[in-house]
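The chain contents come next:
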Amino acid sequence: MTIPTYDTIILGAGAAGLMCAAIAGQRGARVLLVDHADAVGKKILISGGGRCNFTNLHTAPDRYLSANPHFAKSALGRYTAQDFIALVEAYGIAWHEKTLGQLFCDGSAKQIVAMLQAECDKGGVTLALGAPVGAVDHGDGLFRVEIGGRIAAAPALVIATGGPSIPQMGATGFAYDLARRFGLKVVEPRPALVPLTLGGDETLFRSLSGVATEVVAKTGKTGFREAALFTHKGLSGPAILQISSYWRHGETVGIDFLPALASGWLVAAKHARPRATLGGALDNHLPARLAVTLADRLGLEGELGGFTDKRVSEAERQLADWRFSPNGTEGFAKAEVTAGGISTAELSSKTMEARKMPGLYAIGEAVDVTGWLGGYNFQWAWASGYAAGLAI
Ligand code: FDA
C-alpha cells in the first residue's frame, strides 16, 4: 500500500498552479508543486513585455471563448480582478492601467512571481522543479506520480501544465494526454491570439510590413477596434490577435480601415475636393504606404470627381469591409494562448474537479476557456486556480 505523501500534487508551476498551491497550502493542505522547468512562472516573467498584464478591469464571462460560454462564470465571480488587485497591493506592487482596463506592473513581472512564491511559502508548499514528470497512475483512491525517478502519492491531482503555445519555453500538450488517459474529452486545441498569414494574391500586402493603423477587425458578429499591423507574413497587432481566436480556416476576416469616419465620408470628400485622387483622400486618414496600396487595389485612378457617387460609395464600402482570406496562422510557436483544451463538460465549474474522476482537477490554460488579449488569461488562471485551491 502506498502512503500518501501529500494531500495534493499540482503539475505545473505557472500562473494557475502557483495560485492553486498557495490557496490550498494556506488552508492547511500538504501540497507538492511540480514543474519540469527549473524556475516557477516562466510565462509570467515574459508576459506583458516583462511587466505582466496581470488582470483586466473589464473581466466578464463574455470575454472568454469556450464550448460552454457559461462555464467560467462561477470561478470568475468568486475570484475577481479586484481580488487580485488587493493581493498585488498587499505586496506593495505598483501598477497602472495601460489601456482598455489592462493592468500592468509599473516595475517588473518578477514582482508577480515573487508575490506568488511568497504566498506558496506561507502555505508551506513543497516545490519540485527541474523534475520531469513520468508515469501517472491512479488506484486505491490515490494518484501516484513519478517525478524525477521517485514516486509521490496524493488523493488529489491538479493538471496545471497549460497549453502548447510557445513550445520553445517548455510548453507542452501534456495536460491533454493526461486528461485523455483518465477518460476526459479534449476540445481540439488551436493557436489563439496569434498572427494570421496571407498567401496568394494577398502576399502583395507583405510589402506594407511594419505599417500599423487603427481598424475594426471582424469575423461573423465579433469585431475588435484596435491597431492592426502588416507583417512580412501577413497580419498582426492587437485587433488581429483578438480576431484570430474567433477565426477558423476557410473564413475571411473583414477589416474596416476607417472606423472613425461616418458613412458617406468619401462621397462628401469627392464633392468637397473633386480634383483629389482616392490616394489623396485616403492619405489624410491612413499611413501613406497603406493609402497608396488600397487606392491601387480599388482601381479608381484619376480625380474622384470623374467617378459617379455610386462608384465612390462602392469604394467606401470596400474600405469599410476589406475581405482578407488568411491561409493560416503563425501557429503555436507564436500564439499567446491555446484555445480549446480539456472539455468543460468534464469539469465542475465550481471546483474544477473532473466529474468522472473524483480527485482529479484541471485549471488554467489547459482547460477549454480562452480569454481575450489584455490580462483576461491570467485572470482565468488566478480564478480557476483559486476555485480548485479552495476545493482540494
Ligand atoms: P502556464 O503556461 O503559465 O504554466 C504551465 C506550467 O506547466 C509551466 O511552468 C510549464 O513549465 C509546466 N509544464 C508544462 N508541461 C509540463 C510537463 N510535462 N511536466 C511538468 N511541467 C510542465 N496573459 C495575460 O493575461 N496577460 C499577459 O500579459 C500575457 N502575456 C503573454 C505573453 C506571452 C509571450 C505568452 C506566451 C503568453 C502571455 N499570456 C498573457 C498568456 C498567459 O501567459 C497564460 O494564459 C497563462 O500563463 C496560463 O497559465 P497556466 O498556469 O495555465 O499555464
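Residues numbered from 1 in each chain as written. Predicted model: local features only at pLDDT ≥ 70, side-chain atom pairs only at ≥ 80, totals over all residues.

With respect to helix α4 (residues 81–90)
- Residues Ala81, Phe84 and Val88 constitute the buried set of α4. All buried residues of α4 fall inside an arc of 65 degrees around its axis, so they share one side. Opposite the buried face of α4, at more than 90 degrees from it, the exposed residues are Gln82, Ala86, Glu89 and Ala90.
- Contacts made by the buried residues of α4 are with β3 (53–56), β5 (95–97), α5 (110–122) and α12 (376–391).
- Of the residues trailing α4, Gly92 is marked for its positive phi of about 65 degrees. (Buried ≥ 20, exposed ≤ 12 C-beta atoms within 10 Å, placed from the backbone. Helix = DSSP H or I, 4+ residues; strand = E, 2+ residues; numbered from the N terminus. Arc of directions from axis to C-beta. Contact = placed C-beta atoms within 7 Å.)

Regarding the UniProt feature "domain: RsdA/BaiN/AoA(So)-like Rossmann fold-like" (unreviewed entry) in the protein chain
- Per the UniProt record, "domain: RsdA/BaiN/AoA(So)-like Rossmann fold-like" (unreviewed entry) is annotated on residues 7–389.
- The annotated region residues 7–389 carries 29% helix and 25% strand content, and the separation between its end C-alpha atoms amounts to 12 Å. (UniProt positions renumbered as here; feature names shortened; annotations may be inferred.)

Focus: the packing of helix α8 (residues 265–272) against helix α11 (residues 309–320)
- Relative orientation of the contacting elements α8 and α11 amounts to 135 degrees, with a least axis distance of 8 Å. Between α8 and α11, the angle is such that the two are oblique. When the axes of α8 and α11 are compared, the crossing they make is right-handed. Contacts between α8 and α11 involve Trp265, Leu266, Val267 and Lys270 from the first element and Asp309, Val312, Ser313, Ala315 and Glu316 from the second.
- Among the residues making up the contact of α8 with α11, the classes are represented as 5 nonpolar, 1 polar and 3 charged. (Axes fitted to C-alpha atoms, helices over the stretch in contact; angles between N-to-C directions. Parallel < 35°, antiparallel > 145°, perpendicular 65-115°, else oblique. Left-handed = near helix turned anticlockwise from the far one by under 90°. Nonpolar A, V, L, I, M, F, W, Y, C, P; charged D, E, K, R; others polar.)

A short note on the sheet that holds strand β18 (residues 322–324)
- An order of β18-β17-β14-β15-β16-β13-β19 is seen for the 7 strands of this open sheet, with the pairing classed as antiparallel. Across the chains shown, the open sheet's two edge strands, defined by having one partner strand only, are β18 and β19 (328–329).
- Pairing geometry for strand β13 (residues 196–197) and strand β16 (residues 234–236), over 2 bridges, is antiparallel. Across the sheet, residue Leu196 finds its bridge partner in β16, namely Leu235. (Pairing = 2+ DSSP bridges.)

Some remarks on the sheet that holds β5
- With antiparallel pairing, the 3 strands of this open sheet are ordered in space as β3-β6-β5. What marks the edges here is a single partner per strand, and that holds for β3 and β5. Each strand axis lies, on average, 30 degrees off the axis of its neighbour in the sheet, ignoring direction.
- The pairing of β3 with strand β6 (residues 102–105) spans 3 bridges and is antiparallel. Bridge pairing in β6 places Thr55 opposite Leu103.
- Sitting on the sheet, α4 touches β3 and β5, and the angle it makes with β3 is about 140 degrees.

Brief notes about the nonpolar core
- Ile9, Met19, Cys20, Val158, Tyr361, Ala362 and Ile363 are the most contacted members of the largest nonpolar core, which has 126 residues in total.
- Aside from chain neighbours lying at most four places away, what touches Ile363 is Ala16, Cys20, Val158, Ala160, Met352, Ser384, Gly385 and Ala388. (Core = buried A, V, L, I, M, F, W, Y, C linked by C-beta atoms within 7 Å.)

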